[in-house]
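Each chain, letter by letter, is given below.
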Amino acid sequence: MGDDSEWMKLPIEQKCEHKLWKARLNGYEEALKLFQRIDDEKSPEWSKYLGLIKKIVTDSNAVAQLKGLEAVLAYVENAHVAGRTTGEVVSGVVCKVFNQPKARAKELGLEICMMYIEIEKAEAVQEELLKGLDNKNPKIIVMCIETIRKALSEFGSKIVTLKPIVKVLPKLFESREKAVRDEARLLAVEMYRWIRDALRPPLQNINSVQFKELEEEWVKLPPSAPKQTRFLRSQQDLKTKFEQAASSDGVDGDEDEEAPPQVDAYELLEAVEILSKLPKDFYEKIEAKKWQERKEALEALEVLVKNPKIEAGDYGDVVRALKKVIGKDTNVMLVAAAAKCVVGLATGLRKKFGTYACLVVPTILEKFKEKKPNVVQALQEAIDAVFLTTTLQNISEDVLAVMDNKNPSIKQQSSLFLSRSFRHCSPSTLPKSLLKPFCAALLKQINDSAPEVRDAAFEALATALKVVGEKAVNPFLADVDKLKLDRIKECAEKIELAGGKKVAGAEKKDVKSATKTAPVAEAPPAKPAAPPKKAPVVKAGGPPKKGKVAGGAGAKGKKAAVETKDVVETELSDEACEEKASAVLPASCMQLLGSSNWKERLASMEEFQKAVEQMEKNEMPCQALVRMLAKKPGWKETNFQVMQMKLHIVGLIAVKGNFSKTSALVVLECLVDKIGDVKCGIKSKEALTAIGEACSLPWTAENVVSMAFAQKNPKNQAETLSWLANAMKEFGFSGINVKAFINNVKTALGATNPAVRTSAIALLGVMYLYMGTPLRMFFEDEKPALLTQIDAEFEKMQGQTPPAPFRGSIKKGGQDESEEAEEPDDEGGNDVMDLLPRSDIGEKITSDMVSKMSDKNWKIRKEGLDEVATVINEAKFIQPNIGELPIALKARLGDSNKILLQQTLTILQQIATAMGPNIKQHVKNLGILIITVLGDSKSNVRAAALATLNAWVEQTGMKEWLEGEELSEELKKENPFLRQEVLGWLAEKLPTLRTVPPDLMLCVPHLYSCLEDRNGDVRKKAQEALPTFMMHLGYEKMFKATSKLKTASKDQVVSLLEKARTNMPAKPAAPVKAAASKPAGSVKAAPASAKPQLSPACDESEECVPDSSKPDPKKAKPAGAAAKGKGVIGKKAPIKSNAKEEEDKSGPIFTHVPNGKEQRIKEEKGLKVLKWNFTTPRDEYIEQLKTQMSSCSAKWLQDELFHLDFQHHIKALTAMIEHLEDEKDATISCLDLILKWFTLRFFDTNTSVLMKALEYLKMLFTMLSRENYHLNEHEASSFIPYLVLKVGESKDVVRKDVRVLLSMMCKVYPASKVFTFLMDGTKSKNSKQRAECLEELGCLIESYGMHVCQPTAAKALKEIAVHIGDRDNSVRNAALNTVVVAYNACGDQVFKLIGNLSEKEMSMLEERIKRSAKKPAAAPVKQVEEKPQRSQGGNPNVSLMRRPPLEEVPSKLNQSRSQNVHPEQSSPSIPREFQLDLDMIENDHTRVSEMPDLVQHKLDELLEPVLIPEPKIRAVSPHFDDMHNSIASTINFVISQVASGDINTSIQALAQIDEVLRQEDKAEAMSGHIDQFLIATFMQLRLIYSTHMADERLDKDDIVKLYSCIIGNMISLFQMEMLAREASMGVLKDLMHGLITLMLDSRVEDLEDGQQLIRSVNLLVVKVLEKSDQTNILSALLVLLQDSLLATASSPKFSELVMKCLWRMVRLLPESVNNINLDRILLDIHNFMKIFPKDKLKQLKSDIPLRTLKTLLHTLCRLTGPKILDHMTMIENKNESELETHLRRVVKHSMDQTSSKSDRETEKGANGMDEMASKSKVSDILAEIFKKIGSKENTKETSDEGLTELYEYKQKYSDADIDPFLKNTSQFFQSYVERGLRMIELEREGKGRVQSSSSGISPQSADTFVPSSTATAPSIPTNGEEVKPAVYLERLKILRQRHGLENNSKQQEERSHLTSLLSKPSAPTVASSTDMLHSKLSQLKESREHYHQESNQSHTQSSSTTSSVTNLDDLKKRLERIKSNRK
């Protein structure tokens, strides 16, 4: 017992290691309980048991072991670190558990293995289980097989790797133990479920009886594909998906998964090595003279190549031997045998055979001349098998070479091979650059004399058309006649592509079968012509013989291709032409065409021109007309005037008609003949340009140049070249056939006439702009003097950008731009290289030269190399065919003589430069060997090899080098030189790539071994390369690859991976499309133009401060900071990279990635990435964010954002501030990432970064609020908690900014949810944070009422009340203040809600409530009724007006308490401490931050009669225990129910509101709630549209009823103009969107009362248009039209209905134009025209939008006249749209129309001239007075003197008109003059001055209390709708009404009284919201009647209080003006 008590006291981990089994058993039991109890998988507790887990598994005591296994299972399931123990634990399970007799132990062991797989350790588990299969104990083997089987069954073949299992399966079938064989059989059956027939080949060699049994079992299996039933931790989203599929009917799912998954059997096979098994005399026999010996050799080889998978090796000699047999053997039987061997090799080696493909393909193609079917079929099989090992690109040159062969069989078989090859291609692997030469060759063959050649060509073209689609192929079929086109299309319809797809780009279902057939080369059909095909048709300029022209025009000038439909117009006879011409030309014109009198001919031409101008395009017989022009004297016309007319008419016909190439050929020669004419040359050039537009420039230019040089006239030649140079600039260079011009240009350069030479050189200069340096290579043989001139011209063009083309396809429309963008390189830079004349040096590489290079004597080898170098140098540019040279050079790369080796490398470098991009096909057989040379011990050799390698890569790109296993095989070699050079090379090249082939992953294991290499240089280079590998492969993949390393190695590599992760470079950004065509200046202009937007004077307010000479210092700060930041960058940047950096930083900083944010949210929910939740940010979070941001932010910005130096963060923030306004959409699209980055900054200690961050965040949230954006849960949860942390910051300045941010947060995120985050913040250990959070909570309750408390008011207040007992004084005060706010909101009910407090705490609370009640109120607290007006967008929780600054909170709270508890104490007098220095505030236009304080004061309530509330008992209802104590809150509550998801709730709420709206005396209670109500209504409309209508369970009658209620309510509302006008623009836009969507909803029409419903909606829309605020509704419709035209998904019908509404508004304009804010409407039209310029509107399918806009503008101009031009004040940059131009044009037009009236009026005016003269003196006097008032140099006294003089002048001459002097002045000046005159008038009458000496009111402001329509804020020429959300405008209107600025005194009194009633304590709470609403309204009505009676009595006593009232009135007006200035 003593022993027991001793070990019982030990900790668990010691018990688990105790020598007593009982102690261990007890320890395991306790450990099991502990493991089940720990919630956190990352708890440090787990690490204590890491070393014990294996010991537990291998426990020697069976009883203890059993319990220990349970504990281990719990550990593996719950511990984060369990993965580290996988190897040792599974090994222990295999050896010590699987041999146990107890079934439970084995069951637990199996479950542990499964759990390890679940936690992502499948590979390690499988490795240990496979080791277990070698155990001698059969029980262990059986259990291992069973575990593998179960893992496969549950996790599937994607998790459990089948290849190693397939390898050991045959061995298991040979076991002596029946149990092992049976289990192996079950495993084989399970594997068959997953991979089907792919399992057959590996099991072919097992016992036939066993195989037969297996087949019987396999047959019984269901045909449906198996499904994964257990999932890895990372597959939880997949699990959810499966579960949802299982819970549904699953019909669709079954259909989708009918076909079992396809696995390539090749991957499961073991490769067989055959080279060593070849007979020793194989090479002798295959060249033997006797055919029998050759046959023996081939048969031996054929047996070996039948192995389905062959090991890689050097098969060069074998392939060359087979090639020789195929090419030269006379015995056709042996040719067929050799072809079969090629098939076997290609099939067994697959991609590894690609190296040898270019050796055998030419030979096989040449051998197709053989007629015997069996030989042809064998060759077809061979070439098809070879094709599958390479790409069409690599063998294209060989195929094209035989397409022109004279032998028809070769041509036929080549075409059939292409047809079969195309079927394996896709649009991406068959680009236009590859398709173009093939199409050109095949087009020749469709005209071949041999029918079989034609058929094969048709089949190939049809297949190409089927694969890539008509759009891609049509440009190459431009000149094919209709019959042939139809045949190609007919063939295409019959074609079936690989995988049975009938259409290009067919459904992805078919891909599965395609993949099945792809791996194995299938024998072609016996009848080669059988396969079907497909073909497209498009016209593109260019005769068939000129492939380049046709292709160029097709690829780049697609629009031109479409336009030239009648390219193949037949040539008409003269009679037919005359007949057609006479039908369209006047008879007189036809008769006089050939007149001998030149004047008659001229008249005829004029008639001809007039007739052409009036013809329709489709009616114009172009060919007939141009032939008529050629009628005698035709083009030999001697009169230059007639000739000019003729040339002009040719151009006119080309522009206006369907001008064909046939018509063009009629006139081209004469145009060229006249191009040099002094008088007619210009017209001739114009006509040529017009023909170029009609028939494409490439075709026109080629014909024109050839015609010009066929003549002898040097003037014509010079002018032709000049025209072409200019045309190239106008049309662009696309499609130009350079080769066609080169010879003519060379002729011109050699001309004797200097003008021709000059023109030729000028043309070369233009071509140089587009082609660059390669152009010079064509002229290197010219004389030195001429070459100098050419170089000088090129020098002039150096650095210039080609001008943007504006003719041709560019001009005709951009409908094909997207197509051009797909393949930017096809016709671009590579084409220039293709144009260079290349020599075929294949024949020059003689066998003698090759044998020399392989001679034993090094001197002879050198001779051979020298000869090769000479051949290449002479050729300059060579074709890919270089004969046997690759084989010879390959041998020399291993030469022992280093000099020869270096010479070989130099030759390879020359070959790369000479061959250009075509060198790609030699990469695998020659290029890879260059890498091998990098392992040479001599540094100079390695340097030469690296230079050669880079020369090759420059031509080929990196993709070819990284594909396949070759590179990884090189790295595998343990040569330190090779490794360090290759890794250094990769480290340099990989960062420049955007994508890499997946084969790069093969290099990773060797990279890891290099990290541990003995050689220090290798390790260093490997570490440098590591981040570059990671940037492409990702950390996860590379980390996963470490699982196969030994533990010691793994730890080291993982630490290096972590280090590399921080240094990982970002991927290079995708090149900006079309950047090349833009001038460089245009790019740099963008940021410059963005800068002024940073600091507008009215960025935040509704109205701008008029005095622009004093910029707001706060506003200017960001711009200043930005400038400063830029200066710093400029200073520090190195001189070299400065320009580059500027260029890099010129683009956008954020990129909009469609659905990027949604995808990130989905990934985080599915746990594919780390959830953004941490106490301090770990490295993996930072890396994750960096990776996510790489796709949507500029590289330079990302480097700055994640730099270790804080200065870089400031630079990044400066840039972000600069770009914020310009990149709103992009910023919002990656908002989640931006906010996450700021959370990282919250953990920084640097204050400057923090302040900059907060500055940006304030701007960001202002923008979001303005854009009506609402944060989603993902964004809020990853940002707000960290922002709340900073509210406890020790620095006041930071805390203050954070509080401002929290207040702004409620504009973009529901306040109730912000409340939850703040509640979490109150649990912090930081007392400052707790206090600030509590203060914030108080403000939320104050602003939003008790319903903001979450989860319930009771729970929230209980938690808040806990802090009343806090140790920290500030926390206690904050908690007390918050509870007092709650008390003010719900009265004594708060004591129930806060629960039990200690006596001390309760006394503190009561004392605080009393104290707050005693203090006099400075102003009443914000009323609940205002809340709806603050709602913004679609979210009623969002507040627009927030609480005062932090330091004023306690007094504010106290004031509000005083107001609620003792309303009788409120008094109009204002205590001294709350008075404001109004003059100082009024003149200070900078203090924007104080604005919210002013908004909260409702000074009209100071005039209310003080009523003592009746004592009442508060009845607590179950629903309204803490809210709804006034009409406003009741209405709020009812409105919130309108948007309810429950139909009945919504209907009830609508009925209650309808009852209010139908009673006029109650309806005004809805004032101020209109926006909120409309928002709730259209949210309900959206809900019905998206949810209810689609829900079949809902009764449609209920939906109709709900619709009826909504429409009825709306009609009631919009019948009352007073309420209707409160609706803001944004809300009206959404409402109209909802109503129009409802009208277009086809589902509504199907309802029983659907038609009636739609008629009601029509009526409602009319009401909305008529009764709403006309500015708001017109603005809303314009924005809605703009959005609908931009939206691709929007239906045309929608836009049409919006335009109908606009037309109706236009009809209403004459009545409403005076009430409309024209400035705002013109701003909206300006924004519309900016997005939709006139040209873009014309491109729309319908012209109605353009007409609508024109009508609207015309009507506005007609109604307002020239004054409309004065209403463009709100448009900052008028040049951005055509609005001003259009308005001026319309005004001018209307002025012209009225000019006749003006003339008549002038006569009348003449009589009054004498009177005018007498008044001229008067004008001089007034001009002098106005000069005094308005001159900037004058002082205030002078201005006052001027005003006084003006007043006296008006008194003296009462009829004097001063309007002409005011008309051209600003609104501000006019207001100033009017105010001044009124003020003087009041002074002289002895009124209006305030007698209080303390108030100090200045004369300038004294006028504001005069009740006059002009008494508005002086600085408000504009309405601020566009700057602030629409709701602010509504709020401003209501405030103005309440403060008497727009109503008469009676209305003001009524409004004041209404406000006072709504603010008083309510009657006792009633049981329902309806009753409460009714009682409130009744009380309101009675009180109003009572008040009217009292007010009549009190009128007589009012004189005594005039002074006080005037004082208050003055105060109120002045505060109003201060508010206006702030905004």
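Note that this is a predicted model, so its numbers are computed, not measured.

A.B. asks: Give a description of the overall build of the protein chain that names residues and reports values.
C.D. replies: Tallying secondary structure elements over the protein chain gives 106 helices and zero strands in all. In the protein chain, of all internal contacts separated by at least 6 residues, the share reaching a separation of at least 24 is 77%.

A.B. asks: Give me the lowdown on the pattern of salt bridges, citing residues and values where you can.
C.D. replies: Taken as a whole, this structure holds 74 salt bridges when the rule is applied. The shortest N-O distance in the salt bridge between Glu981 and Arg942 comes to 3.3 Å. Note that Glu981 is positioned in helix 54 (residues 976-989) and Arg942 in helix 51 (residues 939-956), a separation of 39 residues in sequence. In this structure Arg942 comes out as buried when scored by relative accessible area, which is 9%. Linking Lys1195 and Asp1199 is a salt bridge whose minimum nitrogen-to-oxygen distance equals 3.1 Å.

A.B. asks: How would you summarise unusual backbone geometry if you had to cite specific residues and measurements?
C.D. replies: Looking along the chain, the bond that leaves Gln1350 and enters Pro1351 is cis, with omega of -5°. In this fold, Pro1351 is placed in the loop between helix 73 (1327-1344) and helix 74 (1353-1362). Here Arg350, not a glycine, exhibits a phi torsion of approximately 55°, which is positive. Residue placement: Arg350 occurs in the loop between helix 19 (332-349) and helix 20 (354-367). Phi at Ser696 is positive, roughly 80°, even though this residue is not glycine.

A.B. asks: Can you lay out the environment of Cys1333 for me, pointing to particular residues and giving the numbers?
C.D. replies: Structurally, Cys1333 is set in helix 73. With 42 residues separating them in the primary sequence, Cys1333 and Ala1375 have C-alpha atoms 9.4 Å apart.

A.B. asks: So what about helix 23 (residues 408-423)? Which residues, and what values?
C.D. replies: With 16 residues, helix 23 ought to run about 22 Å at 1.5 Å a step, and its terminal C-alpha atoms sit 23 Å apart, in line with that. Here helix 23 lies mainly inside the structure; 15 of its 16 residues are buried. Of the residues that open helix 23, the one with a side-chain oxygen 2.8 Å from the backbone nitrogen of Ser409 is Asn407.

A.B. asks: Got a sec to walk through the packing of helix 83 (residues 1543-1558) against helix 86 (residues 1596-1615)? Specific residues and values, please.
C.D. replies: In contact at an axis separation of 9 Å, helix 83 and helix 86 are set at 25° when each is read in the N-to-C sense. Considering their axes alone, helix 83 and helix 86 lie roughly parallel with respect to each other. Where helix 83 crosses over helix 86, the two elements pack in a sense that is left-handed. Here helix 83 contributes Ile1543, Ser1546, Ile1547, Leu1550, Ile1553, Asp1554, Leu1557 and Arg1558 to the contact with helix 86, which in turn contributes Asp1598, Ile1599, Lys1601, Leu1602, Cys1605, Ile1606, Gly1608, Asn1609, Ser1612 and Leu1613. Of the residues that constitute the contact of helix 83 with helix 86, the class distribution is 10 nonpolar, four polar and four charged.

A.B. asks: Got a sec to walk through the packing of aromatic side chains? Specific residues and values, please.
C.D. replies: This structure, assessed with the given rule, holds 28 aromatic pairs. A network of ring pairs unites the aromatic residues Trp1172, Phe1174, Tyr1181, Phe1243 and Tyr1282 as a single cluster. The residue whose ring lies beneath Arg1061 is Tyr1035, and the NZ or CZ to ring-centre distance is 3.8 Å. Taking NZ or CZ as reference, Arg1241 lies 4.7 Å from the ring centre of Trp1237, over its face.

A.B. asks: Can you explain the environment of Ile1182? Please cite residues and give values.
C.D. replies: Its place among the elements puts Ile1182 in helix 63 (residues 1179-1190). Between the C-alpha atoms of Ile1182 and Trp1237, which are 55 residues apart in sequence, the distance is 8.5 Å.

A.B. asks: I'd like a rundown of the side chain of Asp1554, residues and numbers included.
C.D. replies: Mapped onto the elements, Asp1554 comes out in helix 83. Asp1554 sits in the buried class, given a relative accessible area of 13%. Discounting chain neighbours no more than four positions away, the residues touching Asp1554 are Gly1608, Asn1609 and Ser1612.

A.B. asks: Run through helix 35 (residues 640-656), naming residues and quoting values.
C.D. replies: A rise of 1.5 Å per residue sets the reference length of helix 35, with its 17 residues, at 24 Å; its end C-alpha atoms lie 24 Å apart and thus fit the reference within 8%. Among the residues making up helix 35, those that are buried are Val642, Met643, Met645, Lys646, Leu647, Ile649, Val650, Gly651, Leu652, Ile653 and Ala654. On the buried face of helix 35, the contacting elements are helix 33 (598-614), helix 34 (622-629), helix 36 (661-674) and helix 37 (681-695). The backbone nitrogen of Gln641 has a side-chain oxygen 2.9 Å away, supplied by the residue at the start of helix 35, namely Asn639.

A.B. asks: Describe the environment of Glu146, and please don't skip the residues or the numbers.
C.D. replies: Positionally, Glu146 belongs in helix 9 (residues 138-155). Owing to a relative accessible area of 27%, Glu146 belongs among the partly exposed residues under this scheme. Along the primary structure Glu146 and Leu129 are separated by 17 residues, whereas in three dimensions their C-alpha atoms are 10.0 Å apart. Excluding residues that lie within four positions of it along the chain, Glu146 makes contacts with Leu110 and Glu183.

A.B. asks: Tell me what's going on with the packing of helix 8 (residues 122-132) against helix 9, and back it up with residues and numbers.
C.D. replies: Two elements in contact, helix 8 and helix 9, have axes separated by 8 Å at closest approach and are oriented at 150°. Considering the angle they form, helix 8 stands roughly antiparallel to helix 9. Once helix 8 is placed against helix 9, the crossing between them reads as left-handed. On the side of helix 8, the interface is formed by Leu129, Leu130 and Gly132, while helix 9 contributes Ile140, Ile141, Cys144, Thr147 and Ile148.

A.B. asks: Before we move on, can you summarise a negative patch on the surface with the specific residues and values?
C.D. replies: Judged by side-chain charge, Asp1595, Asp1597, Asp1598, Glu1648 and Asp1649 come together as a negatively charged surface patch. Residue placement: Asp1598 occurs in helix 86.

A.B. asks: Could you give me a rundown of the state of the cysteines, with the residues and numbers involved?
C.D. replies: Every disulfide links exactly two cysteines, by a covalent bond between their sulfur atoms. Taken as a whole and assessed by the stated rule, the structure comprises zero disulfides. No disulfide involves Cys1192; its sulfur sits 4.2 Å from the nearest other cysteine sulfur, which is in Cys1230.

A.B. asks: Requested: an account of the confidence of the model for the protein chain, with residues and values cited.
C.D. replies: Across the protein chain, the average pLDDT comes to 75, with 75% of residues at or above 70. In this model, residues 249-260 is a region of pLDDT below 50 whose contacts with residues beyond four sequence positions or in other chains number 13 contacts. Counting contacts from residues 1800-1815, a segment whose pLDDT is below 50, to residues more than four positions away or on other chains yields zero contacts.

Reading the values: the criteria
- Residues numbered from 1 in each chain as written.
- Predicted model: local features only at pLDDT ≥ 70, side-chain atom pairs only at ≥ 80, totals over all residues.
- Heavy atoms only, no water.
- Helix = DSSP H or I, 4+ residues; strand = E, 2+ residues; numbered from the N terminus.
- Contact = heavy atoms within 4.5 Å.
- Salt bridge = Lys/Arg side-chain N within 4 Å of Asp/Glu carboxyl O.
- Buried < 20%, exposed > 50% of the residue type's maximum accessible area, 1.4 Å probe, protein only.
- Expected span 1.5 Å × (residues − 1).
- Polar contact = N/O pair within 3.5 Å; in protein donor to acceptor, adjacent residues only side chain to side chain.
- Axes fitted to C-alpha atoms, helices over the stretch in contact; angles between N-to-C directions.
- Parallel < 35°, antiparallel > 145°, perpendicular 65-115°, else oblique.
- Left-handed = near helix turned anticlockwise from the far one by under 90°.
- Nonpolar A, V, L, I, M, F, W, Y, C, P; charged D, E, K, R; others polar.
- Phe/Tyr/Trp six-rings, centres within 6.5 Å; stacked < 30°, edge-to-face > 60°.
- Lys NZ or Arg CZ within 6 Å of the ring centre and 35° of its normal.
- Patch = residues over 30% accessible without salt bridge, like charges linked within 9 Å, V, L, I, M, F, W, Y side chains within 5 Å.
- Areas by Shrake-Rupley, 256 points an atom, 1.4 Å probe, with all protein chains shown as cover.
- Lys, Arg positive; Asp, Glu negative; His and termini not counted.
- Charge placed at Lys NZ, Arg CZ, Asp CG, Glu CD.
- Disulfide = S-S within 2.5 Å.
- pLDDT = per-residue confidence, 0-100.

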